[in-house]
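Chain by chain, the residues:
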Amino acid sequence: MIIGITGTLGAGKGTIVEHLVKTYGFLHFSARDFIAQEVLKRGLPVNRKTLTEVANDLRAQNSPSFVIESLYNEAIKTNQNVILESIRTVGEVEAMRKKTKNFTLLSIDADPKIRYQRILARNSPTDGVTWDQFLADEMRELRSTDPNKQNLFECNRLADYRFENNLTPEDLFSKVDKVIGKLLQA
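Residues numbered from 1 in each chain as written. Predicted model: local features only at pLDDT ≥ 70, side-chain atom pairs only at ≥ 80, totals over all residues. Heavy atoms only, no water.

Caption draft 1: The arrangement of the pairing of strand β3 (residues 82-85) in detail. Burial along β3 is two-sided: the face carrying V82 and L84 and the face carrying I83 and E85 are both buried. Both strand β1 (residues 2-7) and β3 contribute to a ladder of 4 bridges, which runs parallel. The residue bridging I3 from the neighbouring strand is I83, located in β3. (Buried < 20%, exposed > 50% of the residue type's maximum accessible area, 1.4 Å probe, protein only. Helix = DSSP H or I, 4+ residues; strand = E, 2+ residues; numbered from the N terminus. Pairing = 2+ DSSP bridges.)

Caption draft 2: Broad picture of the nonpolar core. Counting 25 residues, the largest nonpolar core has I35, I68, L84, I87 and M96 as the members making the most contacts within it. When residues of this core are traced back to their parent elements, those giving at least two are α2 (31-41), α3 (48-61), α4 (66-75), β3, α5 (90-99) and β4 (103-109). Ranked by residue count, the leading element in this core is α4, at 5 residues. When near neighbours in sequence (up to four residues on either side) are disregarded, I87 contacts G4, I5, T6, I68, E92, V93, F103, L105, L152 and C155. In terms of nonpolar packing, the next biggest core, distinct from the first, is built from 16 residues, I108, L172, V179 and L183 among them. (Core = buried A, V, L, I, M, F, W, Y, C linked by side-chain atoms within 4.5 Å. Contact = heavy atoms within 4.5 Å.)

Caption draft 3: Summary view of the packing of aromatic side chains. What the rule picks out here adds up to 4 aromatic pairs. An aromatic cluster is present here, built from Y116, W131 and F134 joined pairwise through their rings. (Phe/Tyr/Trp six-rings, centres within 6.5 Å; stacked < 30°, edge-to-face > 60°.)

Shown next, in the form of structure tokens:
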């Protein structure tokens, strides 16, 4: 089984990943880690701006699905259930659907104020932004007509399952467990 996760900043993608790894034994393949390695190879600082710019550049040089396909190529070698975090372009969704019938896309979102508080609390080096910058980053990533750039709105629309994560982690886990239960029985 191959699970892809898409979603807005601070919505809980990582929380779902941790749950799937811990509870179901999924292997995790991170687009952020993949892109961060390329950022470092280029001698750039790892921050939200460079991660986005380098990801867009990789896609423009190769294909709109390059990042996720690179992860997929590593994931299939494991012959285990995997999670690909984080799907950002329509091309990535389309490529995964062409490659395997075992692909399911999950989308997660939450109220923007809740998400902003979460990113402040996790205190990641790439999350130290003001509210205005948070909103500007989100607007840039939500929609684009360039197939090489993030289009979270369309990825969400293409998701097989959507989760709102405005409550507790336990509430989210309950929703995710119902979906995984269906998928494991299929």
